[in-house]
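These are the residues of each chain, in order.
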Amino acid sequence: MNRIITIGREFGSGGRELGRRLSEALGIAYYDQEIVSEIARRTEMSEQYVQSIVENRPSFSFPIHIGRSFCPMPSPALEQSLAVYQEQSRIIMEMAQKSDCVIVGRCGDYILRDFEPFRIFVYADLESRMERCRAKAPEDEKMTDRELKQHILGIDRKRAKYYEFYTGHKWGDRLNFDLCINTSRTVIKEIVPVLARLFEE
């Protein structure tokens, strides 16, 4: 079985950068936005539209786990959201079967649970997350501290609802991960070499 690393992350924690640098250090594939691009290619939807679907829980909320006996009213928006999630699941499993890889977000830890991935969750205090967002923001972006804080926490709420809807698990719960990394006041590129040693054969 291939070596699979999945990364969940709070917005602004540096989880995406950590995943990319870790894949480079280990010389293995890295998948993030590539997943959205492949969904768009297979479904003939625009990447922007697919991105909007994979970042939001379907508006019609009910348990989707198999074996229930209810008959919900059909909803085109819900059906499309479920179809995108199913396509996403197929793509992520194909990627995991193809080679060793790092997969960021998109319920990868849950979708690949039978592959027994090494599951990482990256988090940081709000001040550090705001600093990272400011450092990466376009020069013309003029958010106040309050607006930026609301933006960060809003994205986290969406990620939590999306994850919990499709997995039935609590987003960010340490019991669902093999390693939780606090990147507060941390330079990501300095901790990756230490982290990479966990996976050296």
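This text gives an overview of the structure that appears in the document. Quick caveat, the model's predicted, so the values are computed rather than measured. (Residues numbered from 1 in each chain as written. Predicted model: local features only at pLDDT ≥ 70, side-chain atom pairs only at ≥ 80, totals over all residues. Heavy atoms only, no water.)

Comments concerning the pattern of salt bridges
Phase 1 of the analysis: By the definition in use, this model includes 13 salt bridges.
Phase 2 of the analysis: One salt bridge connects Arg129 with Glu10, and the closest N-O pair in it is separated by 3.3 Å. Of this pair, Arg129 sits in helix 6 (residues 126-136) while Glu10 is found in the loop between strand 1 (4-9) and helix 1 (15-26), placing the two residues 119 residues apart along the sequence. Here Arg129 and Glu10 have matching classes, each one buried. (Salt bridge = Lys/Arg side-chain N within 4 Å of Asp/Glu carboxyl O. Helix = DSSP H or I, 4+ residues; strand = E, 2+ residues; numbered from the N terminus. Buried < 20%, exposed > 50% of the residue type's maximum accessible area, 1.4 Å probe, protein only.)

Some words on the packing of aromatic side chains
Phase 1 of the analysis: This model, assessed by the stated rule, comprises six aromatic pairs.
Phase 2 of the analysis: Ring centres 5.4 Å apart and planes at 85° place the aromatic pair Phe121 and Trp171 in the edge-to-face group. With Phe121 in strand 4 (residues 118-123) and Trp171 in the loop between helix 7 (145-167) and strand 5 (179-182), this residue pair connects regions lying 50 residues apart in the sequence.
Phase 3 of the analysis: Accessibility expressed as a relative area gives 4% for Phe121, which makes it buried.
Phase 4 of the analysis: On the basis of relative accessibility, which here comes to 17%, the residue Trp171 falls in the buried class.
Phase 5 of the analysis: Considering the side-chain rings of Phe121 and Phe177, the 5.1 Å spacing of their centres and the 45° angle between planes classify their relative orientation as tilted. Within this pair, whereas Phe121 is found in strand 4, its partner Phe177 is found in the loop between helix 7 and strand 5, the two being separated by 56 residues in sequence. Side by side, Phe121 and Phe177 carry an identical accessibility label, which is buried.
Phase 6 of the analysis: Linked through ring pairs, Tyr85, Tyr162, Phe165 and Tyr166 together constitute an aromatic cluster.
Phase 7 of the analysis: Cation over ring: Arg113 sits above Tyr110, and NZ or CZ is 4.0 Å from the ring centre. (Phe/Tyr/Trp six-rings, centres within 6.5 Å; stacked < 30°, edge-to-face > 60°. Lys NZ or Arg CZ within 6 Å of the ring centre and 35° of its normal.)

As far as function goes, none of this settles anything; it's purely spatial.
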